[in-house]
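Report on the structure
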Amino acid sequence: MRVTAHNPTASISSSRHHDDDDDDVSTTTTDLFSYLETLPRSSLLALYEDPSRGQYAAKTILQRLPELARQFTIRLSVCGGSFPYDRCAAWSASRTKRDVKAALQRMQALGVLDPIPLLLKSSKDDSDLNMNKQEETTHRLKLEHIDPNGILSLSPQFYKAIQISLTWLSPSPYPELSNEELVHFEQMERQNPSEKKKYPNQVPTFIELETFTQKRWDSVLHYLVGTDDPDYEDPPDAIQNFLEETGLMQQDPEYRGGSSGGDNQKAPLIISSKGYEFMLQEVHVQVWQFILRYIQKLGAQVNMESFRREALLFLICLSYCKVGKGYPAGALSKDTKKIMKDFSLFGLVYVCRIGGATLFFPTRVAVNLVVGGLTDDGLVTTSTTTRSSTAASTAMTAGGGSASESTSIAALSSSAASTRVLENALEDPIPSKNHIAIIVQTNFQVCAYTTSSLHVSMLGLFCDVTSFRRLPNVIFYRITRDSIKSAFKLGIEARQILRFLKMHAHPRLRTGDQSLIPGNVEDQIILWHRELTRVRMQEVYSLQCKDEQEYEAVKQFVQDHDAFGWGSEMKLRILVKYDHAEQTVAFVRRWRTKLFKKRAM
């Protein structure tokens, strides 16, 4: 007899995740530079070694170094690339030794410096440090004992690249096409129109470029949450497959086949726990993690080191391009051309073929991505930003400047920025689609000021869709136990739901001492999540014994083999773990046979 028993003594435990190393990196790195610090030193040096693009990689790293590290780098670059440590420390007499070590640590982590000479304390330390110096990860050493007589040296690869950068006159890594050249290509296209229409055959305007980015990225976000908005098309098949392969979407676990009953029908894709966590990130983090997963996925199919180098260098070079300007694809290598085509699916670059020539136009998302200066208003999605950031970004774009030249623009905190923008948006008589303000009431009703179908779909993941009501600029939902449990089945966690509600709370809730979510609602969602681990299911085999003697013998046997589940001495019944059922039944047969022979004598 096979039954399923409940273990009442099972302790409440949090859900465990079994992510691989690539997933850990993609969720912990929020920009290019935090990702670069996770790479081995050889990969960093390979970026600087590139003959035509290494100087742009070195220049980008220099611009993003802390102020003190940037000072060290510039001074070392004009001092032959190396200088005694004690003299370098004198350059920052007003700074503490701790600040100096932190700056040098960052330089070493990004491959700017050669491994820093450390002071050997003992013979044991000497053997340990010499061993560490030969390891690939020396750029991650903790600089606790720097030799004051040692020499600080820029890595040869970075030193050569930064020297070229300081004397390089071209602001862009690719030849920029003038308006006259673009007009010439359009004239050639009209005279000899292309037969294949794989790419557009017209030069995009700035507005078309912005619209292209919005449509491509919004199609991905709407597809993730399953929006039925006819204004948004599904992303290309390659992107759909990519969303499933990277774990952002999964096949519906409750799908039982089509109405015809055919077994060959594929289950529809729905958002996964990773996908929902992805939706909660800021826009520039979303774009970066999407690209990082692309690098990891495609890199696993080819030479990872070479593919990653090409992708990172292409991203860095895009940051030195100008929004709205065209560049010939012929200036790219074969591998970079493939990456360019894939990036066009993401909405990062606009690819067109005019007059027999393939051209690409970087979008504002791609240009701003590397420097981390991507404002949410640069791409209309679920997040919001300040008007000052938008004005700065627009001014930079209108002036034709690159994103690397705008790194000095100070940004306000995201929470304060979101609050001010939401206030302005809610006061607008015609509400826009790029904001959402949520009020959760103590009766579990959710009021969301939004006009976006994307937000409606996101709320529908954990709210009761039958309770949905809509007014011109506000929607109403209700949180129920069944709706929350449905979200848990998708892999969405309580912390993710609470984070979403708090992140998009109404601005008026942030002005006082009240909590963003009522305490009874927050506690109840947490308790519903704990129900998942409150009871542990275990398959057992029910064994009925004939008498007390047999009961004691079987109980002792299963306890010795760690197979005992439960027992009742009064009912002479034992529940045995199902994996040990056959072994236990065989023991009972032998015991009864032995007992029968003993009685027969």
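These numbers were taken from a predicted model, which means no experiment stands behind them.

Okay, the packing of helix H24 (residues 548-560) against helix H25 (residues 581-600) next. Closest axis-to-axis distance for the H24/H25 pair is 11 Å, and the angle between their directions is 140°. One element, H24, and the other, H25, form an angle in the oblique class. In terms of crossing hand, the pair formed by H24 and H25 is right-handed. Where H24 approaches H25, its residues Gln549, Glu550, Ala553, Val554, Phe557 and Val558 are matched on the opposing element by Gln583, Thr584, Phe587, Val588, Trp591 and Arg592.

Taken in spatial order, the three strands make up an open sheet running E6-E8-E7, and their pairing is antiparallel. Two strands lie at the open edges of the sheet, namely strand E6 (327-328) and strand E7 (349-354), each paired on one side alone. Alignment of E6 against strand E8 (residues 357-362), held across two bridges, turns out to be antiparallel. Its bridge partner being in E8, Pro328 is matched across the sheet by Leu359. Where helix H16 (residues 334-346) meets the sheet, its contacts fall on E7 and E8, and the angle it forms with E7 comes to roughly 115°.

This part is about the packing of aromatic side chains. This model, assessed by the stated rule, comprises 25 aromatic pairs. Sitting above the plane of the Phe476 ring, Arg469 keeps its charged end 5.0 Å from the centroid.

As a further point, take helix H3 (residues 41-49). For H3, the buried fraction is high: seven of the nine residues fall into the buried class. Among all positions in H3, only Arg41, Ser43, Leu44, Leu45, Ala46, Leu47 and Tyr48 are buried. Looking at the buried side of H3, the elements it contacts are helix H2 (32-36), helix H4 (54-64), helix H7 (97-109), helix H9 (156-167) and helix H15 (304-318).

This part takes up the pairing of strand E14 (residues 564-568). Sheet topology note: the E14/strand E15 (residues 573-577) ladder contains four bridges and is antiparallel. Bridge pairing links Gly567 to Ile574 in E15. In this antiparallel pair of consecutive strands, E14 and E15, the connection spans four residues, and Leu572 shows a positive phi of 55°.

Pairing in this open sheet of four strands is antiparallel, and the strands run E9-E10-E12-E11 from one edge to the other. Looking at the sheet topology across the chains shown, the edges are occupied by strand E9 (437-440) and strand E11 (464-471). Direction aside, neighbouring strands of the sheet carry axes that sit 20° apart on average.

Let's shift gears to unusual backbone geometry. Phi is positive for Phe444, close to 75°, though the residue is something other than glycine. Relative to the helices and strands, Phe444 is located in the loop between E9 and strand E10 (445-449). Residue classification places Phe444 among the buried positions, given a relative accessible area of 18%.

Looking now at the layout of surface pockets. Using a probe with the size of a water molecule, rolled over the atoms, empty space left in the structure can be pinpointed. Here the second largest pocket is characterised by a volume of approximately 300 Å³. Lining the second largest pocket are Phe212, Lys215, Arg216, Ser219, Asp231, Tyr232, Glu233, Asp234, Pro235 and Pro236.

With that settled, the discussion passes to the environment of Ala69. Relative to the elements of secondary structure, Ala69 occurs in helix H5 (residues 67-77). For Ala69, a relative accessible area of 0% puts it in the buried group. In this structure the C-alpha to C-alpha distance between Ala69 and Lys101, which are 32 residues apart in sequence, comes to 9.6 Å. Residues in contact with Ala69, not counting those within four places in the same chain, are Ala103 and Met107.

Criteria and thresholds
Residues numbered from 1 in each chain as written. Predicted model: local features only at pLDDT ≥ 70, side-chain atom pairs only at ≥ 80, totals over all residues. Heavy atoms only, no water. Axes fitted to C-alpha atoms, helices over the stretch in contact; angles between N-to-C directions. Helix = DSSP H or I, 4+ residues; strand = E, 2+ residues; numbered from the N terminus. Parallel < 35°, antiparallel > 145°, perpendicular 65-115°, else oblique. Left-handed = near helix turned anticlockwise from the far one by under 90°. Contact = heavy atoms within 4.5 Å. Pairing = 2+ DSSP bridges. Phe/Tyr/Trp six-rings, centres within 6.5 Å; stacked < 30°, edge-to-face > 60°. Lys NZ or Arg CZ within 6 Å of the ring centre and 35° of its normal. Buried < 20%, exposed > 50% of the residue type's maximum accessible area, 1.4 Å probe, protein only. 1 Å grid on protein atoms, 1.4 Å probe; cavity = no way out; pocket = protein on both sides within 12 Å on 5 of 7 lines; lining within 4 Å. Points joined across faces, edges and corners; volume = space filled by probe spheres on them.

Keep in mind these numbers describe shape, not what the thing actually does.
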